[in-house]
Amino acid sequence: MSGAVLLERERLTSGTTWHTAGLLWQLRPSDVEVELLAHTRRVVSRELEEETGLHTGWIQNGGLFIASNRQRLDEYKRLMSLGKAYGVESHVLSPAETKTLYPLMNVDDLYGTLYVPHDGTMDPAGTCSTLARAASARGAQVIENCPVTGIRVWTDDFGVRRVAGVETPHGSIQTPCVVNCAGVWASAVGRMAGVKVPLVAMHHAYVVTERIEGIQNMPNVRDHDASVYLRLQGDALSVGGYEANPIFWEEAVKSRTGAAGGLCLKTSTVKGCTVCSDDLRRA
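Residues numbered from 1 in each chain as written. Predicted model: local features only at pLDDT ≥ 70, side-chain atom pairs only at ≥ 80, totals over all residues. Heavy atoms only, no water.

For the protein chain, the name recorded in an unreviewed UniProt entry is Sarcosine dehydrogenase, with Papio anubis as its organism.

**Q** What is the right way to look at the nonpolar core in this model?
**A** For soluble globular proteins, the rule of thumb is that nonpolar side chains tend to be buried together. Core analysis: the biggest nonpolar cluster contains 15 residues, and Leu64, Tyr102, Met105, Ile215, Val221 and Leu237 have the highest contact counts within it. Of all the secondary structure elements, the ones that give two or more residues to this core are strand S3 (63–67), strand S14 (228–233) and strand S15 (236–241). (Core = buried A, V, L, I, M, F, W, Y, C linked by side-chain atoms within 4.5 Å. Buried < 20%, exposed > 50% of the residue type's maximum accessible area, 1.4 Å probe, protein only. Helix = DSSP H or I, 4+ residues; strand = E, 2+ residues; numbered from the N terminus.)

**Q** Whenever I open this one, the environment of Trp58 confuses me. Can you help?
**A** Position of Trp58 relative to the elements: it lies in the loop between helix H1 (31–52) and S3. Looking at Trp58, the relative accessible area reads 12%, which means it is buried. Along the backbone, Trp58 and Arg41 are 17 residues apart, and their C-alpha atoms lie at a distance of 9.1 Å. For Trp58, the residues in contact, after removing those within four places along its chain, are Leu24, Arg41, Val44, Ser45, His118, Asp119, Gly120, Thr121 and Met122. (Contact = heavy atoms within 4.5 Å.)

**Q** What is the right way to look at the sheet that holds S3 in this model?
**A** Each strand in a sheet pairs with its neighbour through backbone hydrogen bonds, running either in the same direction (parallel) or in the opposite one (antiparallel). Taken in spatial order, the seven strands make up an open sheet running S4-S5-S3-S13-S14-S15-S12, and their pairing is mixed. Strand pairing shows two members of the sheet lacking a second neighbour, strand S4 (91–93) and strand S12 (206–208), which therefore form its edges. Ignoring strand direction, the axes of neighbouring strands in this sheet form an average angle of 20 degrees. The pairing of strand S13 (residues 220–223) with S14 spans three bridges and is antiparallel. (Pairing = 2+ DSSP bridges. Axes fitted to C-alpha atoms, helices over the stretch in contact; angles between N-to-C directions.)

**Q** What is the right way to read the packing of aromatic side chains from this model?
**A** For any two aromatic rings, the description comes down to two numbers: the centre-to-centre distance and the angle of the planes. Taken as a whole and judged by the stated rule, the model has two aromatic pairs. Seen from their ring centres, Trp25 and Phe65 are 5.2 Å apart, and the 50 degrees between their planes marks the pair as tilted. Highlighted residues: Trp25 in the loop between strand S2 (23–24) and H1 and Phe65 in strand S3, separated in sequence by 40 residues. Taking the centre distance of 5.5 Å and the plane angle of 45 degrees together, the rings of Phe65 and Tyr76 count as tilted. Residue Phe65 is located in strand S3, and its partner Tyr76 is located in helix H2 (residues 70–85); the two are separated by 11 residues in the primary sequence. (Phe/Tyr/Trp six-rings, centres within 6.5 Å; stacked < 30°, edge-to-face > 60°.)

Below you can see the structure in the form of structure tokens.
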């Protein structure tokens, strides 16, 4: 990894990282994604801590996909078969079996669920810091408070545009390769090199409940039809998802820098209620 340089516009995790859900669901429709997620789980749950001595905040409490219709349950059965081919343990459960696993859940309208016992969550900030420690130990440089102000490109003899370097307020870095990991700012960074990044940022709301008796050690829950998730957070739940009428970045209120130097947006109580309405049916 010698020669790699990470440029952070402020402080690591001060942007959108610190309030991401940190959920890891191993089963996806793509075999490439399944393999990538299996690798990610090994790194986050074991290898990073062994290498650095730092904990990523990994909690293996399992994941539960809920099916409110027959078509969704059939899809989960296919995911289970795909997972079996790649060594990912999973089980399709009946509503009664789901109730036994998750006694607090309302299963009256469910056709079944897909349970993956080795899914879990990580601490986003802790994982990022641990990755940075591991990269630094292997020769990479992490430079904070160093925003990218420009990307120099040139056109070769075949008409192909190539990267020549990166500009910052502290000087230039000569490099033929740039990896755009800017998240919500990725489109802006792409434009510096004349590249359109097909990424749209949206304004979301999430809610953290008060203490819920009996919720400890319950699996995280995902409802693909309602586009919501329930993430275990100690003895409470973090509830979030995608709204049916999202507010895109360009339409959102102007961002401001919070006390931690990170990105903050004004939230809407109405939006929060919209996200939570489907989750409340599960209580």
